[in-house]
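Summary of structural features
Chain by chain, the residues run as shown.
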Amino acid sequence: MAWALHRDSLPKIVASAAIAANLPVKPLAGTPDKVVLCATNNAYPLGFTIATGASAGNPLTVVTEGVVKAICCASVGAGGEVGVGSTNGALGPIAAASGFTVFSVGEAQDNAAAADTFSVIIRIRQISGA
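All figures in this text were calculated on a predicted structure; none of them were measured in a lab. Every chain is numbered independently, its residues counted from 1 as its sequence is written. Totals for whole chains, interfaces and linings use all residues, but because this is a predicted model, local features are given only for residues with pLDDT of at least 70 and pairs of side-chain atoms are given and counted only at 80 or more. Based on all heavy atoms of the structure, the side-chain values leave hydrogens and waters out of the count.

As for the overall build of the chain
Defined as follows: Segments assigned H or I by DSSP are reported as helices when at least four residues long, segments assigned E as strands when at least two residues long, and all are numbered from the N terminus. Atoms considered for the radius of gyration are the C-alpha atoms alone. The globule rule reads 2.2 Å times the number of residues to the power 0.38. Partly exposed describes any residue whose relative accessible area lies between the buried limit of under 20% and the exposed limit of over 50%, with all areas from a 1.4 Å probe on protein chains only and scaled to the type maximum. For accessible areas, the Shrake-Rupley method is used with a probe of radius 1.4 Å. Any residue's cover is judged against the shown protein chains and nothing else. Positive charges come from Lys and Arg, negative ones from Asp and Glu, while His and the chain ends are left out of the count. Charge placement uses NZ in Lys and CZ in Arg. For Asp and Glu, CG and CD serve respectively.
Along the backbone of the chain there are 0 helices and 11 strands. The N-to-C order of helical and strand elements in the chain reads β-β-β-β-β-β-β-β-β-β-β. Taking 2.2 N^0.38 as the reference for a compact globule, 130 residues should give roughly 14 Å; the C-alpha atoms of the chain span a radius of gyration of 14 Å, in line with that estimate. The C-alpha extent of the chain, read off along each of the three principal axes, is 35 × 35 × 25 Å. Counting over 130 residues, the chain shows a buried share of 39%. Per element, the accessible surface of the chain, about 6,500 Å² overall, is 55% carbon and sulfur. Across the chain, the 7 positively charged side chains and the 7 negatively charged ones have centroids separated by 7 Å.

A word on the sheet that holds strand 9 (residues 91–93)
Filter applied, for reference: Two strands pair if DSSP finds at least two bridges between them. Fitted lines through C-alpha atoms serve as axes, helices being fitted only where they are in contact, and the angles separating the N-to-C directions of these axes extend from 0 to 180 degrees.
An order of 7-11-10-8-9 is seen for the 5 strands of this open sheet, with the pairing classed as antiparallel. With one partner strand each, in any of the chains shown, strand 7 (67–71) and strand 9 form the two edges of the open sheet. For this sheet, the mean angle separating the axes of adjacent strands, direction not counted, is 55°. Here strand 8 (residues 81–84) runs beside strand 9; their pairing, made up of 3 bridges, is antiparallel. Bridge pairing in strand 9 places G83 opposite G92.

Quick look at the packing of aromatic side chains
Filter applied, for reference: Pairing of aromatic rings covers Phe, Tyr and Trp, the last counted by its six-membered ring, and requires centre-to-centre distances within 6.5 Å; plane angles under 30 degrees mean stacked, over 60 mean edge-to-face, and any other angle means tilted.
Scanning the model with the defined rule gives 1 aromatic pair in all. With centroids separated by 5.4 Å and ring planes inclined at 85°, the aromatic side chains of Y44 and F103 adopt a geometry described as edge-to-face. Of this pair, Y44 sits in the loop between strand 4 (31–37) and strand 5 (47–49) while F103 sits in strand 10 (residues 102–108), and the two are 59 residues apart along the sequence. Take Y44: its relative accessible area is 46%, and that puts it in the partly exposed class.

Section: the side chain of S119
Stated precisely, the cut-off is as follows: Pairs of residues are marked as contacts when any of their non-hydrogen atoms sit within 4.5 Å.
One can find S119 in strand 11 (residues 117–128). S119 sits in the buried class, given a relative accessible area of 0%. Setting aside its immediate chain neighbours within four residues, S119 contacts A2, W3, V67, V68, E107, A108, Q109 and D110.

A few points about the pairing of strand 3 (residues 24–28)
Here strand 3 runs beside strand 5; their pairing, made up of 2 bridges, is antiparallel. What sits directly across from V25, in strand 5, is G47. Bridge analysis of strand 3 against strand 4 gives 4 bridges, and the strand direction is antiparallel. By the bridge assignment, V25 is partnered in strand 4 with L37. Remark: 2 residues form the turn of the hairpin made by strand 3 and strand 4, two consecutive strands paired antiparallel; G30 in that turn has positive phi of roughly 80°.

Quick look at the structure:
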């Protein structure tokens, strides 16, 4: 069963497009208070949406620290490092790739299969690239 434990969130963040809950987001280029779905593992994720999603132009809660619920796109094991694995923002196992910038979003806290909701401790870091 997925669970969440967090207290920090970024104030005054606005969705630049419709974004559902439990997904990683990244800043919209040139607009520091707007975010878009993080749909690739080579973009720096800012944090995760929680609760209900938001439509374009509406406020959105983005959590940057703690444990959040996330959507799985491929089988992961508890303790495994995960990153964006699908263009819909779902997460999967992540590994460094020589010559490519790759970001991890954190560590899986549960075993999960594709389409499952699972818990992730946020530990955003670059694992490969310049």
